[in-house]
Amino acid sequence: MNHDFDFGPEAWPSQAPPSDFSDRCVSAMLDEPTPKSHRRWRGRGGTFLFLAAALCASSAWATGHAQASSPPAEAARFVPSMPIPSPEPAPSLHGGQLIELTPASSEPEDEEAPAGRPPAHLQEPPELAVPELEEPGPPPPPPFVMVPRCTCDQDAVVCSCF
Amino acid sequence: MELVLVAMDAMRERPPVSVRGEVDEETIDACRSGDRVALAHFVRTYEKAVFGFLSRMVGAGPHVEDLAQEVFLRAHQALPRFRYRSDVRISTWLLKIAVRLVQDNRKKKRPSLVPLTDELVADGRRGPEHLRRRRELAAAFERAATELSDEQRAVFLLAHFHGRSMAEIAELVGIPEATVKTRLHRARAKLRMLLAPHRGESAEETPR
């Protein structure tokens, strides 16, 4: 195959295999763990180890980040559950102001409710609650009770009652 | 003069792998069944050819050992599907795996050719002057080879150092035979041109 090219293989020497290459290669073929088969581990198991280490590192970082961003336990214990009242007076409710009766957090539920059938918290008509807030003056009249009135004549035997 | 003698000595040497140097079907069957002795024989039979091709393709260095092991691992994994035929050389099959592996590695990163060390060019039978000549020629060959494209270098190596025919190289690399001839012709012409100064120096040293 040399034809017109007059340089032989020795003109360009190649790298010779190490003496224990076949042993290590066979061990790698048979998947035998050998102390000198580091190159194979670097090629295959190394990828697995790298991924496992990256997964552990990311989860550890996420845990530490969550702990750092959350308030300490003592502080969380004294967080008031009710909103702190404002020192300013509450705005007047007179003048036909609209009053939000439903909390804002319930809006998604309203969207999911079927048409024509309002959610349970909207079934009570707002007209019953709004006048109580808008007309605080006279107290509501007592409920009507039927009391029989009878007039009896002293000479009569029969009494008439209304 | 010594340079010419080195080249002529090298020309008389047989290629690293000959047709007779192939393992037989019995060894292949034993390798399939995981026989350690057969596998070791299989690796030892072809390791020199695989190392030779890989080190000349990507440059000498520790990465060659990794690539060579990968070649044998791929071959071992493909052995159950391998159909032995007396007219098919297993070395060609292994070189095909090596060619593919180098192509895959080229896509990731193009390694730089590492200059050969004295250990690789040393010849204990000759003196230090001969070693110096060999080192110079090897370095010149290395530099000239970097001027070849990957495709030209692969074709040149398979033809010149591994004794493959045009048809074998065409099947091995996956290109038409005419393309193999073209690439080989251009590779030889370029190497002849780049190595011409060294041949001239050797001619000047010839006693008159």
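The structure presented is a predicted model; accordingly, all values stated were derived computationally and were not measured. Along each chain, the written sequence defines residue order, and numbers are assigned to residues from 1. Both sets of labels track the order of writing: A upward for chains, 1 upward for ligands. Owing to the predicted nature of the model, reporting of local features is limited to residues with pLDDT of at least 70; listing and counting of side-chain atom pairs is limited to 80 or more, with chain, interface and lining totals taken over all residues. Note: side-chain values were computed over all heavy atoms of the structure, leaving out hydrogens and water.

Engineer: Which residues make up the overall build of chain B, and what values go with them?
Structural biologist: A count of helical and extended segments in chain B gives 10 helices and 0 strands. In this text, helices come from DSSP runs of H or I with a minimum length of four residues, and strands from runs of E with a minimum of two, each type numbered from the N-terminal end. Sequence-ordered secondary structure for chain B, helices as α and strands as β, is α-α-α-α-α-α-α-α-α-α. Categorising residues by exposure relies on relative accessible area from a 1.4 Å probe, with only protein chains included: less than 20% of the type maximum marks a residue as buried, more than 50% marks it as exposed, and the intermediate range marks it as partly exposed. When burial is assessed residue by residue, chain B has 48% of its 208 residues classed as buried. Contact definition: two residues touch when any of their heavy atoms are within 4.5 Å. Nonlocal contacts in chain B, meaning residues at least 24 apart in sequence, comprise 69% of its contacts between residues at least 6 apart. Summed over its atoms, the accessible surface of chain B is roughly 10500 Å², and 53% of this surface lies on carbon and sulfur atoms. To be clear on the numbers: accessible area is Shrake-Rupley with a 1.4 Å probe, and residue cover counts the displayed protein chains and nothing else.

Engineer: Please provide a residue-by-residue account of the side chain of Glu65 of chain B, values included.
Structural biologist: In this fold, Glu65 of chain B is placed in helix α4 (residues 62-78). A residue is classified by how much of its surface remains accessible, and Glu65 of chain B, at 8% relative accessible area, is buried. As used in this structure description, the phrase polar contact means that two N or O atoms lie within 3.5 Å; if the pair is within protein, one of them must be able to donate a hydrogen and the other to accept it, and residues adjacent in sequence are counted only when both atoms belong to side chains. Side chain to side chain, Glu65 of chain B and Arg24 of chain A meet in a polar contact 2.4 Å long.

Engineer: Kindly report on the confidence of the model for chain B, identifying the contributing residues and their values.
Structural biologist: All names here are of chain B. In this model, chain B carries a mean pLDDT of 80, and residues with pLDDT of at least 70 account for 76%. What pLDDT expresses is the predictor's confidence in each residue, scored from 0 to 100. Taken together, the stretch residues 1-19 has pLDDT below 50 and engages in 37 contacts with residues farther than four places along the chain or on a different chain. Under a pLDDT of 50 for its full length, residues 200-208 has, in the predicted model, 6 contacts with residues more than four places off or in other chains. Both confidence scores are given for the complex: pTM 0.55, ipTM 0.74.

Engineer: Break down the packing of aromatic side chains for me, citing the residues and quoting the values.
Structural biologist: Each aromatic ring pair is specified by the distance between its two centres and by the angle formed by the two planes. Any two of the Phe, Tyr and Trp rings considered here, Trp counted by its six-membered ring, make a pair once their centres fall within 6.5 Å; the pair's planes then place it as stacked at under 30 degrees, edge-to-face at over 60, or tilted in between. With the rule as written, the count across this model stands at 10 aromatic pairs over all chains. Between Trp12 of chain A and Phe161 of chain B the ring centres are 5.9 Å apart and the planes differ by 75 degrees, which places this aromatic pair in the edge-to-face class. With Trp12 of chain A in the segment before α1 (21-29) and Phe161 of chain B in the loop between α8 (150-160) and α9 (166-173), this pair bridges two chains. Take Trp12 of chain A and Phe161 of chain B: they sit in the same class, and that class is buried. Seen from their ring centres, Phe141 of chain B and Phe161 of chain B are 6.4 Å apart, and the 65 degrees between their planes marks the pair as edge-to-face. You can see Phe141 of chain B sitting in helix α7 (residues 128-146) and its partner Phe161 of chain B sitting in the loop between α8 and α9, a full 20 residues away along the chain.

Engineer: Run through the pattern of salt bridges, naming residues and quoting values.
Structural biologist: Salt-bridge detection follows one rule: a side-chain nitrogen of Lys or Arg within 4 Å of a carboxyl oxygen of Asp or Glu. Under the definition given, this model contains 9 salt bridges over all chains. A salt bridge links Asp29 of chain B to Arg32 of chain B, with the shortest nitrogen-to-oxygen separation between them at 2.6 Å. Note that Asp29 of chain B and Arg32 of chain B are positioned in helix α2 (residues 25-32) at a spacing of 3 residues, about one turn of the helix. One connected set of salt bridges, linked through shared partners, spans Asp20 and Arg24 of chain A together with Glu65 of chain B.

Engineer: Requested: an account of the nonpolar core, with residues and values cited.
Structural biologist: One recurring pattern in soluble globular proteins: nonpolar side chains tend to sit buried together. All names here are of chain B. Nonpolar core, defined: a set of buried Ala, Val, Leu, Ile, Met, Phe, Trp, Tyr and Cys residues in which side-chain atoms within 4.5 Å join the residues together. Ranked by size, the top nonpolar core spans 66 residues in total, and within it Phe42, Phe53, Leu54, Phe72, Ile90 and Leu94 carry the most contacts. It is helix α3 (residues 36-58) that provides the largest number of residues to this core, a total of 12 residues. Residues in contact with Phe53, not counting those within four places in the same chain, are Leu95, Ala98, Val99, Val102, Ala154, Leu157, Leu158 and His162.

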